[in-house]
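Single-letter residue listing:
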Amino acid sequence: MAVSSCEMSLNPVFSPTSTARVSKSPSSSSHFNLSSSLRFSVSASAQPSFNSKSVAVTVVEPQPVFTSVISFAPATVANLGPGFDFLGCAVDGIGDYVNLRVDPDVRPGEVSISEISGAGSKLSKNPLWNCAGIAAIAVMKMLKVRSVGVSLSLEKGLPLGSGLGSSAASAAAAAVAVNELFGGLLSPSELVIAGLESEAKVSGYHADNIAPCIMGGFVLVRSYDPLELMRLKLPQENKLFFVLVNPEFEAPTKKMRAVLPKEITMSHHVWNSSQAGALVASVLQGDLKGLGRALSSDKIVEPRRAPLIPGMEAVKKAAIAAGAFGCTISGAGPTAVAVTDDEERGIEIGERMVEAFMKEGNLKALAMVKQLDQVGARLKHLPLLWCMAVSVAKQSTWNVLTRTQLRVFTIRYKI
């Protein structure tokens, strides 16, 4: 089913600086450098405004730079214990893929989902009800694409309801794919806004998955109104490993949010605030043991959710006993996440956690040891794209990629 990007009332929000982009052509696209800024603000209510006495600005619709692209978006660990709805990080090696292409069979300005494979067999192909479709439509609207139709196929590498940011990964992969297909005109902050359109419909308006999924690394959501994000840089010399143990048990985000307390005591507020501050400080200082202690310290959310996941309390104890610096529920669960600084120890910790899930929860589980993803959602097969671009750019009859755009391409992807 194809849906027009102009038919949805998604009302995308632009940052105060993004109004300057309305007169840009594809050849002057801004750099999509995910690590270039550690902090930026986006107004959640401001719309581009123009002085009626000023000269009219002509909106230039971007044209496709490629005929097709393949994007990848990583898994994420949200909350990180005491950071409910405002802390998250990206995890390398697992995630979702989107194959997006210009499709002459799709009406101009519309998005179609042609195929869903992997763990997403239950998902709808209606773009109005699919995370990837919603995000793709939002980006099409932001770019004001009206003369080109696109179709996408989604490969789900993340299980649904796993607590690993499955919906955010689909949305991020689609948002990045559409943006890069048309020259990468949108900033990471605007892509987060597009992803939030999807998250709001599926699991609630929270950015602790979608922001690190797009930006990579650790991300703090400082404010939602206006949206303000801060990327927390872990010192490169630190080797942080995440032990992710996913049991055969589905924990829908909406259900897990429903059990949260409506009110909390002042003592719990002070405790969680101090632990969240300690977690942020530990990340910036590279104190992995301190990070682990803070990760394990939540007194508000985890105590309500852990009893709903069979064996979770025993799994946490098993991880700590095996040498993990800390352990908690990843996102809404049921995945348990532990942290360590050694991969081999991480494998052993994972084995003990799997055993605890089976012994105390009667659940089969799969353990993975992964590192922090510092890049976030991005295009795949970049060297091949680059070689093709250089090859065709040498042909005088080919005018899609200019020499300037090739330099932008090099800078953007650090090739």
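Here's what I pulled together on the structure shown here. (Residues numbered from 1 in each chain as written. Predicted model: local features only at pLDDT ≥ 70, side-chain atom pairs only at ≥ 80, totals over all residues. Heavy atoms only, no water.)

## A word on the nonpolar core
Here is the rule: Here, nonpolar core means buried Ala, Val, Leu, Ile, Met, Phe, Trp, Tyr and Cys residues that are tied together by side-chain atoms lying within 4.5 Å of each other. Accessibility here uses a 1.4 Å probe with only protein chains present; expressed as a share of the type maximum, an area under 20% marks a residue as buried, one over 50% as exposed, and anything in between as partly exposed. Runs of E in the DSSP output that reach at least two residues are strands. Runs of H or I that reach at least four are helices, and both are numbered from the N terminus. Here a residue-residue contact requires only that any non-hydrogen atoms of the pair lie within 4.5 Å.
Among the nonpolar cores identified, the biggest contains 82 residues, and Leu100, Leu152, Phe182, Ile210, Phe218, Phe242 and Leu244 are the most heavily contacted of them. The greatest single-element share of this core, amounting to 11 residues, is contributed by helix 2 (residues 166-181). Setting aside its immediate chain neighbours within four residues, Phe182 contacts Pro62, Gln63, Pro64, Val65, Met140, Leu143, Val145, Val148 and Val150. By size, the runner-up hydrophobic cluster in this structure holds 22 residues, among which are Val315, Ile329, Ala336 and Ile349.

## Considerations on helix 1 (residues 131-143)
Helical geometry: 3.6 residues make up each α-helical turn, so side chains three or four residues apart lie on a common side. Stated formally: Given a helix with a known number of residues, its expected span is that number minus one, times 1.5 Å. Between N or O atoms, a polar contact is any pair within 3.5 Å; within protein, one atom must be a potential hydrogen donor and the other a potential acceptor, and residues adjacent in sequence are included only when both atoms are from side chains.
In a regular helix each residue adds 1.5 Å, so 13 residues correspond to 18 Å; helix 1 covers 19 Å between its end C-alpha atoms and thus fits that length. Within helix 1, 12 of the 13 residues are buried, which leaves it mostly tucked inside the rest of the structure. Taken together, the buried positions of helix 1 are Cys131, Ala132, Gly133, Ile134, Ala135, Ala136, Ile137, Ala138, Val139, Met140, Met142 and Leu143. The N-capping residue of helix 1, defined by a side-chain oxygen 2.9 Å from the backbone nitrogen of Ala132, is Asn130. At the exit of helix 1 stands Lys144, carrying a positive phi of roughly 60°.

## A few points about the sheet that holds strand 11 (residues 336-340)
Defined as follows: In this scheme, strands are said to pair when DSSP sees at least two bridges between them. For helices, the fitted axis covers only the stretch in contact; all axes are lines through C-alpha atoms, and the angles between them, taken along N-to-C directions, range from 0 to 180 degrees.
Reading across from one edge, 10-11-9-12 is the order of the 4 strands in this open sheet, with antiparallel pairing throughout. Edge strands, defined here as strands with exactly one partner in the open sheet, are strand 10 (326-329) and strand 12 (365-371). Across the sheet, the mean angle from the axis of one strand to that of its neighbour is 20°, orientation sign disregarded. For strand 10 and strand 11, the ladder comprises 4 bridges, and the chain directions are antiparallel. Its bridge partner lying in strand 11, Cys327 is registered against Ala338.

## Digging into the pattern of salt bridges
Cut-off, in case you're wondering: Salt bridge criterion: a side-chain nitrogen from Lys or Arg within 4 Å of a carboxyl oxygen from Asp or Glu.
Counted under the stated rule, the structure contains 11 salt bridges. Of the charged contacts, one joins Asp96 and Lys156 as a salt bridge, the two residues approaching to 2.4 Å between their closest N and O atoms. With a gap of 60 residues between them, Asp96 in strand 4 (residues 87-102) and Lys156 in strand 6 (residues 150-156) connect regions that are remote in the sequence. With respect to burial, Asp96 and Lys156 carry one shared label: buried. The residue Arg101 makes a salt bridge to Asp103 at a minimum N-O spacing of 3.3 Å. A relative accessible area of 38% means that Arg101 is categorised as partly exposed. The exposure class assigned to Asp103 is buried, which follows from its relative accessible area of 8%. Look at the salt bridges and you will find they share partners, linking Asp92, Asp373 and Arg378 into a network.

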